[in-house]
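# Working through the structure, step by step
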Amino acid sequence: MMTQRLWLGLAVVYTCTAAIQLYLTASTGAVWAGTLTAIGFLAALLCVFAAWKASKRRRDEVSEIDSHGS
């Protein structure tokens, strides 16, 4: 559970950073800001995927413990 929360928190940070970079891209037209925007959103997406995998792994561990305990 804790790992999932850490990944989701990191996804929020990357999303906020990418949103700021998106604003810089729109206001200045800087190519580097557009590149960082794309990288930031991709990193956020990968963090959400990692959080999903962590929650799935946790559910699998719990169901394995339940099946052995019965």
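Note that the structure is a prediction, hence the values are computed from the model and not measured. (Residues numbered from 1 in each chain as written. Predicted model: local features only at pLDDT ≥ 70, side-chain atom pairs only at ≥ 80, totals over all residues. Heavy atoms only, no water.)

This next bit is on the side chain of serine 55. Tracing the backbone shows serine 55 in helix α2 (residues 31-69). Accessibility expressed as a relative area gives 15% for serine 55, which makes it buried. (Helix = DSSP H or I, 4+ residues; strand = E, 2+ residues; numbered from the N terminus. Buried < 20%, exposed > 50% of the residue type's maximum accessible area, 1.4 Å probe, protein only.)

The next point concerns the environment of glutamine 21. Of note, glutamine 21 is situated in helix α1 (residues 2-28). For the pair glutamine 21 and tryptophan 32, spaced 11 residues apart in sequence, the C-alpha to C-alpha distance is 9.1 Å. Among all residues touching glutamine 21, those that are not within four sequence positions of it are Trp32, Ala33, Leu36 and Thr37. (Contact = heavy atoms within 4.5 Å.)

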